[in-house]
2 protein chains.
Amino acid sequence: MFDSASVVHHLSAQRYEREVRTLRTKLLEAQFRLAEDKRFPVLLLVSGVEGGGKRETVNLLNEWMDPRRIRTHAFEEPTREERKYPPLWRLWQRLPPKGTIGIFFGGPYVVPVVQRARRLISKAALEVEIARIRRFEQLLTDEGTLLLKFWFHLSQKQQRARLEELESSKKTRWRVGPHEWMYLESYDRYTGTAEHVIRATSTGDAPWVIVPGADPRYRALVAGKTLLDSLEERLSEKRPARAPTTAAPRAARIDELDVVRALDLSQSLSREQYEKALEKWQGRLAIASRNPRLKDFAVVAVFEGQDAGGKGGAIRRITQALDARAYEGVSIAAPTEEERAQPYLWRFWRNLPSRGRFTLFDRSWYGRVLVERVEGLCTEFDWMRAYGEINDFEAQLIENGTVVVKFWLAISKEEQNKRFRAREGTPFKKWKITPEDYRNRKKWDAYQLAVSDMIDATSTEVAPWTLVEANDKHFARIKVLKTLVKAVEARLEKG
Amino acid sequence: MFDSASVVHHLSAQRYEREVRTLRTKLLEAQFRLAEDKRFPVLLLVSGVEGGGKRETVNLLNEWMDPRRIRTHAFEEPTREERKYPPLWRLWQRLPPKGTIGIFFGGPYVVPVVQRARRLISKAALEVEIARIRRFEQLLTDEGTLLLKFWFHLSQKQQRARLEELESSKKTRWRVGPHEWMYLESYDRYTGTAEHVIRATSTGDAPWVIVPGADPRYRALVAGKTLLDSLEERLSEKRPARAPTTAAPRAARIDELDVVRALDLSQSLSREQYEKALEKWQGRLAIASRNPRLKDFAVVAVFEGQDAGGKGGAIRRITQALDARAYEGVSIAAPTEEERAQPYLWRFWRNLPSRGRFTLFDRSWYGRVLVERVEGLCTEFDWMRAYGEINDFEAQLIENGTVVVKFWLAISKEEQNKRFRAREGTPFKKWKITPEDYRNRKKWDAYQLAVSDMIDATSTEVAPWTLVEANDKHFARIKVLKTLVKAVEARLEKG
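Here is what the cut-offs are and how they apply
Numbers given to residues run from 1 along each chain, matching the order in which its sequence is written. Whichever chain is written first becomes A and whichever ligand is written first becomes 1, with later ones labelled in order. Residue-level local features of this predicted model are given only where pLDDT is at least 70; pairs of side-chain atoms are given and counted only at 80 or more, and the full residue set underlies all totals for whole chains, interfaces and linings. Side-chain measures here rest on the full set of heavy atoms in the structure, leaving out hydrogens and waters. By the convention used here, strands pair only if DSSP detects at least 2 bridges between them. Helix and strand definitions follow DSSP, with helices as H or I runs of at least four residues and strands as E runs of at least two, each counted in order from the N terminus. Here the axes come from fitting lines to C-alpha atoms, over the contacting stretch only for helices, and the angles between their N-to-C directions go from 0 to 180 degrees. Comment on the angle field: the value is read as roughly parallel under 35 degrees, roughly antiparallel over 145, roughly perpendicular from 65 to 115, and oblique elsewhere. By definition, turning the near helix anticlockwise from the far helix through less than a right angle yields a left-handed crossing, and turning it clockwise yields a right-handed one. In what follows, a contact means two residues having at least one pair of non-hydrogen atoms within 4.5 Å. When residues are sorted by character, Ala, Val, Leu, Ile, Met, Phe, Trp, Tyr, Cys and Pro go into the nonpolar class, Asp, Glu, Lys and Arg into the charged class, and all the rest, Gly among them, into the polar class. When two parts are brought into contact, each loses some accessible area as probed by a 1.4 Å sphere; the total of that loss over both is the buried area. Salt bridges are defined by distance alone: a side-chain nitrogen of Lys or Arg within 4 Å of a carboxyl oxygen of Asp or Glu. Here a polar contact means two N or O atoms within 3.5 Å. Within protein one must be a hydrogen donor candidate and the other an acceptor candidate, and residues neighboring in sequence count only if both atoms are side-chain atoms. For the least-squares superposition of copies, only C-alpha atoms count, and only for residues with pLDDT at least 70 in both.

Here we look at the sheet that holds strand S4 (residues 146-153) of chain A
Residue and element names in this part refer to chain A. A sheet is described by the order of its strands in space; here five strands give the open sequence S2-S3-S1-S4-S5, paired in parallel fashion. At either end of the open sheet lies a strand with only one pairing partner, and these are strand S2 (70-74) and strand S5 (208-212). Direction aside, the axes of adjacent strands within the sheet are offset by 20° on average.

Description of unusual backbone geometry
Located in the positive-phi region is Arg363 of chain A, a residue other than glycine, with phi close to 70°. Here Arg363 of chain A is to be found in the loop between strand S8 (358-362) and helix H14 (371-374). In this structure, Lys38 of chain B is a non-glycine residue whose phi angle is positive, near 50°. Of note, Lys38 of chain B is situated in the loop between helix H1 (13-37) and strand S1 (42-48).

Regarding the packing of helix H4 (residues 110-117) of chain B against helix H8 (residues 187-200) of chain B
All names here are of chain B. H8 packs onto H4 with a crossing angle of 135° between their chain directions and a minimal axis gap of 9 Å. Here H4 lies oblique to H8, going by the angle between them. When you trace H4 past H8, the crossing you get is right-handed. Packed against H4, whose contacting residues are Val113, Val114, Arg116 and Ala117, the element H8 presents Arg189, Tyr190, Thr193, Ala194 and Val197 at the interface. Considered class by class, the residues forming the contact of H4 with H8 number six nonpolar, one polar and two charged.

A short note on the interface of chain B and chain A
Across the boundary between the two partners, chain B contributes 73 residues, which contact 73 residues of chain A. Regarding the contact of chain B and chain A, the summed buried area is about 6200 Å², with carbon and sulfur atoms giving 55% of it. Linking chain B to chain A there are zero salt bridges. There are zero residue pairs in polar contact (both at pLDDT 80 or more) connecting chain B and chain A. It is helix H9 (residues 216-235) of chain B that provides the largest number of residues to the side of chain B that touches chain A, a total of nine residues.

With respect to the relation of the copies chain B and chain A
When chain B is fitted to chain A, the best match, at an RMSD of 0.0 Å, comes from turning it 180° and sliding it 0.0 Å along the axis. Such a turn and shift between the copies fits a two-fold axis. Most of the interface of chain B is mirrored in chain A, where 100% of its interface residues are also at the interface.

This is how it looks when you write it as structure tokens:
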């Protein structure tokens, strides 16, 4: 793995100066085109052995290019705040938007490598981490990110020489502590583990680049030129993202029956029943949500449903029972410019509740496989892969202890029509209804199909969909409340 | 996951007959076009709960189509013979060639699901299996396979009814034993594990199709139509395989120095030294290779090197010490027609040694990242992903206990020229030299680059490359012999 990188390279000062002059001009040019086109982001992951020149090289890259369009972030041990979220959360927070360059020190690789090298986690647990990383990177490259991964390598001999050199100068002595010497002593173990992770995460879309770290001039040029070559190659491409040509198979439909159509929408509650139940379940929610043990986990509730399905009303029946400081309602409409410059899951990652809090999503990440699919706002490949990406996303929430409840509020086409008419007739509800709502009705069947596919692909044991028969608002609101309360209570009991 | 599939569907006999008539005609037509074009193979993985109609449906598919172009295989518990190879070996042996349809019952999914449901393996071990399956499937779809995965589902209630129905008839009673009832009893556990595996292996390229298994007519139509739709969609595409548009980054080259060029090719042995050493190492190889404990593992030796690098001579010095019944020499030239109809790794899987045996590959799977890369016989995406695929392949061999040694025989350009001239001057060696050999010399630098990349990407702790300075044939042959002997002896000691 590190064979070439252990070869000793030397570069004369003159040759270096000459090469750097050309390189800087071209890098700036490429960076400018990247910012102009805003077609994709560049993410550079930087890892490697101590003393291999990671810091120095990244500083040089910042010097050579326009540093305002580069954001560098070092991932050290997670902070207390960061520990409140799933491990990948802090990476999502700092993904570079399209048109810019992000540099991550460490990234998702370092923690598992260190843990495994110290035998704090099992071999199988390391494989699980590797699989997670591969899926995260796959998502990024499928979304169009130009992903570069640099590993700065030193042989053990080179590393020892480097540490001694740093120690011998007053200016750099502070950089060498017992920590650094310890790494050197267990060089083989760390490098062996790193080698395994590098190999297992080198894919055709995002292989690792091994940078020989011993000669400062040489490594700087390798890093700079690799970045330049990849950027130029990518900028010269016409198409924005990979086009899949193997169409994914989908189950054929024989009849019109599916899980949504099989619902009994006639279920209802009288006003009296409703008010009694409302009092009961709101009371239990108020108590549960104020339980001190709630600080150990977050609650995410997702509301999807046809237009006029009653999502807003159901959400209000929940928030009435909650302390205003304990929850956040997130209403998902068309993405903002900032959000469009990121992978589609980004805006949900940024809105996740931290522990002890509720977030209620009025529409959600499922837009990808509903409206975006039906309206052709993304390709078939995009929404097909979204099922897996969404399952991965929710699995991370749940592993982190979050309670995830998901509601589909189902109404009949007739009931929707009745509600649209009623809204038009009510002055203070008229704003809710637009010509678009009627347009969407024409695609009713396409939406039904998308909903049924969505539920099949993403209703899982750990994050099941609750299908809510919503022709009767009373019945729907109570079913939502009750499901949420029971999920939270079950989680509290589990402790 | 199984929400839609648990809905009860019914289809009248008349409607079924009508639909089947059309379906059969179209399926036969599509199958004929597939056989004509020979652009890709179809692999249909069939799994699901007992009594869900797997067998019946596959029988129907065979009835509806031309059964000579369908090969069905049921993967039960591995046989004793199969256990001598890595777990995926038996799947590789039965991959359908381009232009045909293969149907696998069970496939790679069943064993891990059953083991996990019975808690014989840990959760992390299951994740490792899932990651392995994803990579295997990724390779198949990247290679152009149309991969369909059908899961035949029954709810627990439906399954109980089905088993009772089978038991009540004399004709089918034999199909229900204690095994089947046991599955029913632990329905939740099996289905929960299966759900997890299905979810984790549903990708944008190869998602699972959940087939509702309760109604025989309905499930047959779903299976048949899904197959037809996918086939027709794929057949109508112009491009043979997906085109990657995100160019993968590669390390920039600054100087001409790499791991191969850094070798000291002047190393040599006198005839006397050589003969003494040859006797010693051939003797040790003879003893090691006859060790009874060798029956526990296989030995794979790979020989790569420039033309006239002396691969043949080095291999002969090994085989001289081996029992002719204990080894096989495999010489890799251009693939046969049969081999071209399969993923490129197929012909190596079929030539693997079983335990207790040596296989010596004169050229190997590394052709993908050497000659195929340099001569443009595959796309950049193809050879970039090959590094990972090759590492996966070798990791499976090693996990299975195989000793893997890999030799790169390096000679200088001058030495090669000398040998070419000598061959031309020797009547019995003249056939070895063709105009192509001189053409290849023109691409010397491109090959050097490919070799260096190959060694960096695939020299791993478990399967390292041995670089052999081969300007002197004596030196080279002894280094090869010694390396092989030490690897085998180390493995024997490990036991």
